[in-house]
Protein chains: 2
Amino acid sequence: MDTAPTSPRDGEPRWLDDAEQRTWLAYLQATTLLEDHLDRQLQRDAGMPHIYYGLLVQLSVAPRRRLRMTELAKNTKITRSRLSHAIARLEKNGWVRREDCPSDKRGQFAILTDDGYEVLRRTAPGHVAAVRQALFDRLTPEQQKSLGEIMVIVAEGLQPKGAGADLPWLR
Amino acid sequence: MDTAPTSPRDGEPRWLDDAEQRTWLAYLQATTLLEDHLDRQLQRDAGMPHIYYGLLVQLSVAPRRRLRMTELAKNTKITRSRLSHAIARLEKNGWVRREDCPSDKRGQFAILTDDGYEVLRRTAPGHVAAVRQALFDRLTPEQQKSLGEIMVIVAEGLQPKGAGADLPWLR
DNA sequence: CCTGCATTGTTTAACTTTCAAGGAAGGGCT
DNA sequence: AGCCCTTCCTTGAAAGTTAAACAATGCAGG
């Protein structure tokens, strides 16, 4: 879109200035490229896209390797609908199984199976290496610190309201 | 996945340390949330997802509001296949039209129509506002600068080889 | 108890993306 | 010309995502 580098006139939207535009474009390109890169890496080595892998990771660090569907959805920032489909697929692969929640009959646990854990164990090193190579290894310690702070700010700003305990990892 | 905070032993992968883990998780959450946020905003206000909007934007700033398919794909970092489908959809909406390239009969131009331009004109202010509110307005000038530098580094690192003139915007 | 509303999770259909394959044109070579 | 290899773009099927609707349960208040 054309951008009028106007002085902030009344009624005019505040356009992105030159530096902001470059930052935003770089952000879009970097995040797209990184996501694609990791998707391919994991599709190749683990047989699933990046988001699915993230689901298994979340389960692997949860107590008893299980989480309620809604919990898991919150942790990974995806919709319950999407999660339902995804877990169905992972279930077919034998990496996750479901179990009814005894205390709340509406509830379902998603549980990481031994097979699922094994896939993680086998592929985690390669994945970590990919993340390092694409991201951390290219940044100075100061940049890493800054990136962390920035992403926490952005994530917190976009939390659905009333999400208090959603980001325990970030504090 | 369990992470053993080991000293770099031989054969062991170099796991992410605590700070890196937090940064990575925050990155994943922030980028997911932001993408979703903008997708919804644009789906609501412009009737298309964020990526499609980005295609129109790229066309709008190109000379004669047109780009070769491959160019457009490179600029937006998506595959040609994906682009073909996307442009087909935008064409149905009347926001883009195609035209054969006279000098290379294999080539196709994607061209922003007046209707397409009008959609942009109408929705750009709201979109910019959304980006500002979710990102720039929350960051200090130093953080904005840092974010830009970091994203350029990451994007450049993930360029497919031989992509020299792909990021003119970033220099 | 029972009514009304919220929460949990799934389902369906429409849409988008990916993957593998392929047609058509360019361009170098003999 | 003929051949080979590459680039440009599209296609169709499979996989993934989204939005809206739905059934079932929980829960608070009368």
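S.K.: Quick question: what am I supposed to make of the protein's contact with DNA strand C here?
M.R.: Not every one of the 19 residues close to DNA strand C is listed here, only the nearest: Thr 70, Ser 84, Arg 98 and Arg 106 of chain A together with Ser 81 of chain B. Within the contact set of DNA strand C, a base oxygen lies 3.1 Å away from a side-chain nitrogen or oxygen of Ser 81 of chain A. Arg 89 of chain B places a polar side-chain atom, nitrogen or oxygen, 2.8 Å from a phosphate oxygen of DNA strand C. Counting residues per element, the ones that place at least two in the surface near DNA strand C are helix 3 (69-76) and helix 4 (80-93) of chain A together with helix 4 (80-93) of chain B.

S.K.: Sorry if this is basic, but what is going on with the pairing of strand 3 (residues 108-112) of chain A here?
M.R.: A regular strand carries its side chains on alternate faces of the sheet. Residues and elements named next belong to chain A. Burial runs high along strand 3: four of the five residues are buried. With three bridges joining them, strand 1 (residues 66-68) and strand 3 adopt antiparallel strand pairing. For Leu 67, the partnering residue across the bridge sits in strand 3 and is Ala 110. As paired elements, strand 2 (residues 96-100) and strand 3 share five bridges and run antiparallel to each other. Directly across from Val 96, in strand 3, lies its bridge partner Leu 112.

S.K.: Hey, could you run me through the pattern of salt bridges in this one?
M.R.: Opposite charge on two side chains lets them pair, provided their charged atoms get close. Per the stated rule, a full pass over the model turns up 23 salt bridges over all chains. A salt bridge links Glu 20 of chain A to Arg 132 of chain B; the shortest N-O distance between them is 3.0 Å. In this pair, Glu 20 of chain A sits in helix 1 (residues 18-46) while Arg 132 of chain B sits in helix 5 (residues 114-134), so the two residues belong to two different chains. Of the two residues, Glu 20 of chain A and Arg 132 of chain B, neither departs from the other in class, the shared state being buried. Notably, a salt bridge pairs Arg 44 of chain B with Asp 45 of chain B, separated by 2.7 Å at the nearest N-O pair.

S.K.: Would you mind showing me how to read the sheet that holds strand 1 of chain A here?
M.R.: Residue and element names in this part refer to chain A. Spatially, three strands are ordered 1-3-2 in an open sheet, and the strand pairing comes out antiparallel. In this open sheet, the two strands that pair with only one neighbour each are strand 1 and strand 2. This sheet shows a mean twist of 30° between the axes of neighbouring strands, independent of strand direction. Sheet strands touched by helix 2 (residues 50-61): strand 1, strand 2 and strand 3. Its angle to strand 3, the strand with the most contacts, is close to 95°. Packed onto the sheet, helix 4 meets strand 2 and strand 3 and runs at close to 115° relative to strand 2.

S.K.: Hey, could you run me through the relation of the copies chain B and chain A in this one?
M.R.: Each of the two chain copies can be generated from the other by rotation about an axis followed by a shift along it. Laying chain B over chain A is done by rotating through 180° and shifting 0.0 Å along the axis; what remains is an RMSD of 0.1 Å. Such values leave the two copies arranged in the relation of a two-fold axis. A share of 98% of the interface residues of chain B reappears at the interface of chain A, consistent with the copies meeting face to face through the same patch.

Definitions and cut-offs
- Residues numbered from 1 in each chain as written.
- Chains lettered and ligands numbered in written order.
- Predicted model: local features only at pLDDT ≥ 70, side-chain atom pairs only at ≥ 80, totals over all residues.
- Heavy atoms only, no water.
- Near = heavy atom within 4 Å.
- Polar contact = N/O pair within 3.5 Å; in protein donor to acceptor, adjacent residues only side chain to side chain.
- Helix = DSSP H or I, 4+ residues; strand = E, 2+ residues; numbered from the N terminus.
- Buried < 20%, exposed > 50% of the residue type's maximum accessible area, 1.4 Å probe, protein only.
- Pairing = 2+ DSSP bridges.
- Salt bridge = Lys/Arg side-chain N within 4 Å of Asp/Glu carboxyl O.
- Axes fitted to C-alpha atoms, helices over the stretch in contact; angles between N-to-C directions.
- Contact = heavy atoms within 4.5 Å.
- Least-squares fit on C-alpha atoms with pLDDT ≥ 70 in both.

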